[in-house]
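# Structural overview
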Amino acid sequence: MEVNERDPVSGRETTGHEWNGIKELDTPVPRGVLLFLIVTHLWAIAWWFLVPAWPLGTTYTRGLLGVDQRQTVEARVVDGQRERAAWMARLEKEPYDAIQADEALMQTVRNTGRQLFGDNCAACHGRDGKGRANYPDLTDDDWLWGGGPQLIEQTMRVGINTRHPESRVGQMPAFGRDEVLDRDQVRSVAAYVYSLSHPDYSTADNLKRIEAGREVFLTTCAACHGEDGKGNRDVGAPNLTDTHWIYGSDLDTIIASVHGGRQGHMPTWDERLTTAEIRTIALYVHDLGTQQP
Amino acid sequence: MPEIFHRKLERSAIGLVIAIIAAASVGGIVEIAPLFTIDETVEEAPDMRMYTPLELAGRNIYVREGCYACHSQMIRTLRDEVERYGPYSLAVESKYDRPMLWGSKRTGPDLARVGGKYSDFWHVAHLTNPRDVVPESNMPAYRWLARTSLKMEDLPLHLAAQKALGVPYTDEMVENAARDAYGQATPDTDFAAGVATRYGDETQVSAFDGVKTDVTEMDALVAYLQILGRLTGAAYENTAAPEGKPNPEG
Amino acid sequence: MIRQLTSSERQNAAVIAIAVAIVGLAMAAVGRTDVLGVHGVMVMLFAGAVLFYVLSGLYQPEPTEDRETSYYDDPIKVGIVLSMAWAVFGMFMGVWVAAQLAWPNLAFDAGWSSFGRLRPTHTTGVIFGFGGNALIATSFHVVQRTSRARLAGQLSPWFVLLGYNLFCLLAVSGYLIGVTQSKEYAEAEWYADIWLVIVWVTYFILYLRTIARRKEPHIYVANWYFMAFILVVAILHIVNNLALPISWGHAKSYTVWPGVQDAMVQWWYGHNAVAFFLTAGFLGMLYYYLPVRAQRPIFSYRLSILSFWGITFFYMWAGSHHLHYTALPHWVQTLGMTFSVMLLVPSWASAGNALLTLNGAWHRVRDDATLRFMMAAAVFYGISTFEGSFLAIRPVNSLSHYTDWTVGHVHAGALGWVALITFGSLYTLVPSLWKRERMYSAALVEVHFWLAIAGTLIYVFAMWNSGIIQGLMWRTYTEEGALAYSFVDSLVAMYPYYIARAFGGLLFLIGAVVGCYNIWMTVRSAPLAAPLNADVPIAPAVAGE
Ligand code: HEM
Ligand code: HEM
Ligand SMILES: [Ca+2]
Ligand SMILES: [Ca+2]
Ligand SMILES: [Cu+2]
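Residues numbered from 1 in each chain as written. Chains lettered and ligands numbered in written order. Predicted model: local features only at pLDDT ≥ 70, side-chain atom pairs only at ≥ 80, totals over all residues. Heavy atoms only, no water.

### Brief notes about the overall build of chain B
A count of helical and extended segments in chain B gives 13 helices and zero strands. Each helix and strand of chain B, ordered N terminal to C terminal, gives the series α-α-α-α-α-α-α-α-α-α-α-α-α. A total of 250 residues make up chain B; the buried ones form 68% of that total. Contacts spanning at least 24 positions in sequence make up 68% of the contacts within chain B whose residues lie at least 6 apart. Here chain B displays about 8,800 Å² of accessible surface, and carbon together with sulfur accounts for 57% of that area. Across chain B, 25 positive and 36 negative side-chain charges occur, with their mean positions spaced 7 Å apart. (Helix = DSSP H or I, 4+ residues; strand = E, 2+ residues; numbered from the N terminus. Buried < 20%, exposed > 50% of the residue type's maximum accessible area, 1.4 Å probe, protein only. Contact = heavy atoms within 4.5 Å. Areas by Shrake-Rupley, 256 points an atom, 1.4 Å probe, with all protein chains shown as cover. Lys, Arg positive; Asp, Glu negative; His and termini not counted. Charge placed at Lys NZ, Arg CZ, Asp CG, Glu CD.)

### Let's talk about the site of ligand 2
Taken together, 26 residues surround ligand 2, and among them Glu184, Tyr185, Asn397, His401 and His409 of chain C come closest. More than one chain reaches ligand 2: its neighbouring residues belong to chains B and C. At a separation of 2.5 Å, an oxygen atom of ligand 2 approaches a polar side-chain atom of Tyr185 of chain C. At 2.8 Å from an oxygen atom of ligand 2 is found a side-chain nitrogen or oxygen belonging to Asn397 of chain C. Contributions of two or more residues to the shell around ligand 2 are made by α8 (259-294), α10 (330-357), α12 (369-391) and α14 (404-433) of chain C. (Near = heavy atom within 4 Å. Polar contact = N/O pair within 3.5 Å; in protein donor to acceptor, adjacent residues only side chain to side chain.)

### A short note on the UniProt feature "binding site: heme c 2" (unreviewed entry) in chain A
All names here are of chain A. Per the UniProt annotation, the sites labelled "binding site: heme c 2" (unreviewed entry) are Met172, Cys221, Cys224 and His225. Considering the C-alpha atoms alone, the annotated residues occupy 54 residues of sequence yet fold into one spot, their largest mutual distance being 10.1 Å. Relative to the helices and strands, Cys221 is located in helix α8 (residues 204-225). Excluding residues within four positions of it along the chain, Cys221 makes contact with Val189, Val216 and Gly226. With respect to the secondary-structure elements, His225 resides in helix α8. (UniProt positions renumbered as here; feature names shortened; annotations may be inferred.)

### Description of unusual backbone geometry
In this model, Arg98 of chain B is joined to Pro99 of chain B through a cis peptide bond whose omega is -5°. By secondary structure assignment, the location of Pro99 of chain B is in the loop between α5 (79-85) and α6 (120-128). In this structure, Asn20 of chain A is a non-glycine residue whose phi angle is positive, near 50°. Its location among the elements puts Asn20 of chain A in the segment before α1 (31-50). The partly exposed category is assigned to Asn20 of chain A, whose relative accessible area is 24%. Even without glycine at this site, Asp141 of chain A takes up a positive phi of about 60°. Within the fold, Asp141 of chain A resides in the loop between α5 (122-125) and α6 (149-158).

### With respect to the site of ligand 1
Looking at ligand 1, there are 26 residues lining it, with Arg119, His122, Glu184, Tyr185 and His411 of chain C nearest. The local environment of ligand 1 is shared, drawing residues from chains B and C. Within the side chain of His411 of chain C, a nitrogen or oxygen atom sits 2.7 Å from a nitrogen atom of ligand 1. The contact in question runs from a nitrogen atom of ligand 1 to an N or O atom on the side chain of Tyr459 of chain C, over 3.4 Å. Contributing elements (two or more residues each) for the shell around ligand 1: α3 (74-102), α4 (115-147), α14 and α16 (487-524) of chain C. Of the residues forming the shell around ligand 1, the biggest block, eight residues, is contributed by α14 of chain C. Looking at the shell around ligand 1, its residues break down into 15 nonpolar, six polar and five charged. (Nonpolar A, V, L, I, M, F, W, Y, C, P; charged D, E, K, R; others polar.)

### Brief notes about the interface of chain B and chain A
Between chain B and chain A, the residue contacts involve 45 residues of the former and 38 residues of the latter. Between chain B and chain A the total buried area reaches about 3,500 Å² when both faces are included, carbon and sulfur atoms providing 49% of it. Joining chain B to chain A, the criterion identifies seven salt bridges. We note a salt bridge from Arg127 of chain A to Glu136 of chain B, for which the minimum N-O separation is 3.1 Å. Looking at the side of chain B that touches chain A, the elements that each hand over two or more residues are α3 (34-37), α5, α6 and α7 (130-133) of chain B. Among the elements that make up the side of chain B that touches chain A, the one with the highest residue count is α5 of chain B (four residues). Class assignment of the residues belonging to the side of chain B that touches chain A gives a composition of 19 nonpolar, 12 polar and 14 charged. (Buried area = accessible area lost by both parts, 1.4 Å probe. Salt bridge = Lys/Arg side-chain N within 4 Å of Asp/Glu carboxyl O.)

### Brief notes about the coordination of the calcium ion (ligand 4)
Protein-derived coordination of the calcium ion (ligand 4) comes from Gln181 of chain C (OE1), Ala186 of chain C (O), Ala188 of chain C (O), Asp193 of chain C (OD), Asp193 of chain C (OD) and Asn241 of chain C (OD1), at a distance range of 2.2 to 2.9 Å. Viewed at the metal, the six donor atoms of the calcium ion (ligand 4) are separated by angles of 48 to 178°, and the geometry they form is irregular. (Donors = N, O, S within 2.8 Å, 3.2 Å for Na, K, Ca; no water. Tetrahedral: all angles 85-135°; square planar, octahedral: opposite > 155°, others 65-115°.)

### Side note on the interface of chain C and chain B
Taken together, the contacts link 96 residues of chain C with 85 residues of chain B. Between chain C and chain B, roughly 7,900 Å² of surface is buried when both sides are summed, and carbon and sulfur atoms account for 64% of that area. Summed over the three residues of chain C that lose the most area to chain B, namely Tyr254, Tyr402 and Phe487 of chain C, the buried surface amounts to 11% of that side. There are four salt bridges connecting chain C and chain B. Here Asp404 of chain C makes a salt bridge to Lys105 of chain B, at a shortest N to O gap of 2.7 Å. Put simply, chain C and chain B have 34 residue pairs in polar contact (both at pLDDT 80 or more) between them. Looking at the side of chain C that touches chain B element by element, the count peaks at 10 residues for α8 of chain C. Looking at the side of chain C that touches chain B residue by residue, the class counts come to 54 nonpolar, 29 polar and 13 charged.

### Section: helix α1 (residues 7-30) of chain C
Between the first and last C-alpha of α1 of chain C there are 35 Å, a value that for 24 residues agrees with the 34 Å anticipated at 1.5 Å per step. Looking at the buried residues of α1 of chain C, the elements they touch are α2 (35-56) and α6 (190-212) of chain C. (Expected span 1.5 Å × (residues − 1).)

### Points about the pattern of salt bridges
Using the criterion set out here, one finds 50 salt bridges over all chains in the structure. A salt bridge links Arg114 of chain A to Asp489 of chain C; its shortest N-O distance comes to 2.4 Å. Highlighted residues: Arg114 of chain A in helix α4 (residues 103-120) and Asp489 of chain C in helix α16, drawn from two different chains. The residue Asp188 of chain B makes a salt bridge to Lys212 of chain B at a minimum N-O spacing of 3.3 Å. Taken as a pair, Asp188 of chain B in the loop between α11 (177-185) and α12 (191-199) and Lys212 of chain B in the loop between α12 and α13 (217-227) lie far apart in primary sequence, 24 residues in all.

Dropping the structure here:
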């Protein structure tokens, strides 16, 4: 039997071994630790009885509470639907003007629409809805397909240029690339279009080119954009005379639009979002700045 | 008494080794082995399809670029996740995933159901420079993807390896892997039809990056992103989540 | 260094280097057009450099007969240097990726420098490069001193150390050129994985044989931990990395585990990499250097037993807490949660054992920054294990998972525990190894200590804040019962914290650089004429024992 040393500081015995100067005290495991051990074990055992816990070959113990995370979340989702039911049902069914007349309900639309718009639409149209290059501004009251809530809802449901059977189809042909117009014509018509929104461009120098472009425009473009260039909602052709542009209002971008065409793709939301959500967003978007009914 | 036992144990290196192995083995065996024996672990999904070669190539790019470091592909059974991202993920949805890409960090949003949410064009713009479309984003720009041609000649090897591990690719699919990858990204060529015959009419055939002539890494990655959440509709059945089923054609 | 090897050992070293070079050549040949070829060339260069070194020293004087009467410290010295080099590299990568999250354009327009590829170079660099080399070096030191025996091999320590670093190089360079399995903390591809198995088995045999030579009847606690670390990491590594390469000529492989089973295997591995790499191994360090520095006996031998077996048994059940609420079946999650909570007891038993060991030495803690490093490490070990058990509770995890809270927890453990205990141990080890009276500058140790503490606290508090804010924003509902914030709203709220974290990390990195300088100057200063006490094995081991 080794004679164990006593540590002067704690008064405890060592275990009698030494490793390169290191010794160990033979202190018993503190009570608290054992207690803590017992408490955590009891807690764990209780838990194993209550919920799914131990595997048994081809099955597992289900637990006395009979819960499973999947049923739990589905119940929570249903709870959520119930919580929202009152206003959701109204948003789902009531006509838009009735909803718009109800300021309290519109506040709900603003509160909830922000997140829905943020998680679904903002990637393209921006968190503020103001769009950016290639994606239209939804706050400027200038619409390809119409800015009333009903029309916005329709646009969201079917999308633009999608494979949805009723998709809105807005196709700006590639006049340059497909050789419908030659280089010069493309430049002229672009100059003309540019002049529509930039009056000071119509200087004496440019007048000839603009005039030539006007000819092309009337024969080629007016079918969609209208003789006055103010656009046409039936084919989703934008107004070319204002300051709102999807792709850009500088001359180069306009040339690119005419040369290569444009077929913006707006996804459908029919399946991803519920009717109430779609209508909430439609009202939210309308509320961003649009006056149109 | 236990100390006496232990004092013996700690005098024997081999004894210690065996004891450590014994103590450390139990947990893993009890938790992992039953995942293969309990049938309900992986749900039934008769409509489940495999990744096309192009999508598989895209998945490998996703792995290579470390997208999983910021994006999860696992919607948890929590109300807010179901309401934000869609029905919670099922085990069957990653049944062909080797490795799985559930992720452990969401610096960016979950991508489990991102397929069909945005246009191909948006994905290309976003991957080219995320801040062009989402100014607040801190996601890296992946410009070189559109400049790099996809390496397709190895794809039969990839499918063969997957097949050897139990993914039900047919010999024909393995053989045509490179052609099918090319076809899926070049809609106007003869190769496009083969993809639909082998992988189903609902497979998205498209010039993903907008260029119809060359098949780039961007094509593959976008093809992969567009199929996320759309290999099977199982998650939409028997769930309280209100959304409709995904339409693989978008 | 080569002088410690006999000429036949030098020849063997050359043969091994040639064999490795041939493997590299084969890889380069079959992997021509594949990235595997790049790694083949790297293996060849690495083995070539070793070969060159060995050959250039082939005819140096041979060691004297009595080399068995001294400890084998050369590999330890090299291990320490490598560890510090990896620390600076890995932490620099950490600061860089942290900065990228705050300023995403801090990448060149190239694949290798984007966040997703750099992040694993950080985790691998710090865990395996810094941590792993420190563990190998200190385990070589501890096992010799506590066994009073020289390492049971002359060549194998070098094989382990250099082979291990070759693995780290293959791993880290692989991520940059796009070679990865994406398995967290096991990203390296199949061929590197196989190489690591060879290295690791050698490590295990070497360790076991050294223990078998011990002159003490009992195996010291530190060695239990090192042994558990080596053994369990081997098991984890092999099971998690089983994969089928698409061909012998390609770097790419597909893991044999699919979907949900792969998820469980990955986190069984991932969690226990934390347990046996970042915890057990470093507890081995703590159990040696802390009592040595404090000059106090371990508080309780019995608590050590409880703690060791508790950790070895319970940890292995806890991995599923990384998969709460996922498509992993509920029952596995319950096991993961309950075992994680039970795990807190042995974890705190270790932390408590360390802190109570300091009773009677608190004046040293006050005066000696080296000991303070270890004291702070034990405190952070206690904090991070408490936090871990807390995060493992399902409802808590529902908030924390996927957020920066996890990252905060990681770095409370990684910076506060792993890095601090390593620095404390190295500051104890370096002077004794190089036969110096003390570190070159105690003031610089003090500076390093405060930089490290400040850096850790800033990092961890920033991530706790951002993580909780993020988690709450994702689940905040409006009065109407609808989600209040979009994802990007939460992203915008993160930026201030990302900047703070990058700053905290920078402080920590500067601390590590100061440490490197201090170690370098210590090594360079003149050795003591006569070593203070005889740091030698008890009795010369008989050759062939
Ligand atoms: C200079 C100090 C350091 C800085 C600035 C730093 C920074 C970072 C950053 C930015 C991440 C990525 C987080 C994310 O994806 O959101 C990360 C991850 C990580 N770091 Fe560090 N780090 C540092 C030191 C360390 C050390 C010393 C270790 C280990 C010993 C470590 C281990 C890890 C691990 C394990 C992860 C992955 C965490 C996860 O996946 O949840 N880090 N670090
Ligand atoms: C009782 C001890 C511990 C328990 C029960 C524990 C538990 C946990 C939990 C619940 C998570 C979060 C998983 C998630 O939601 O994704 C986690 C993550 C993590 N912990 Fe711990 N932890 C413990 C100690 C430590 C220590 C000492 C370290 C040392 C560095 C550490 C390193 C990590 C790492 C690296 C991760 C991130 C894994 C990832 O997602 O990539 N843990 N831990
Ligand atoms: Ca992680
Ligand atoms: Ca690996
Ligand atoms: Cu864990």
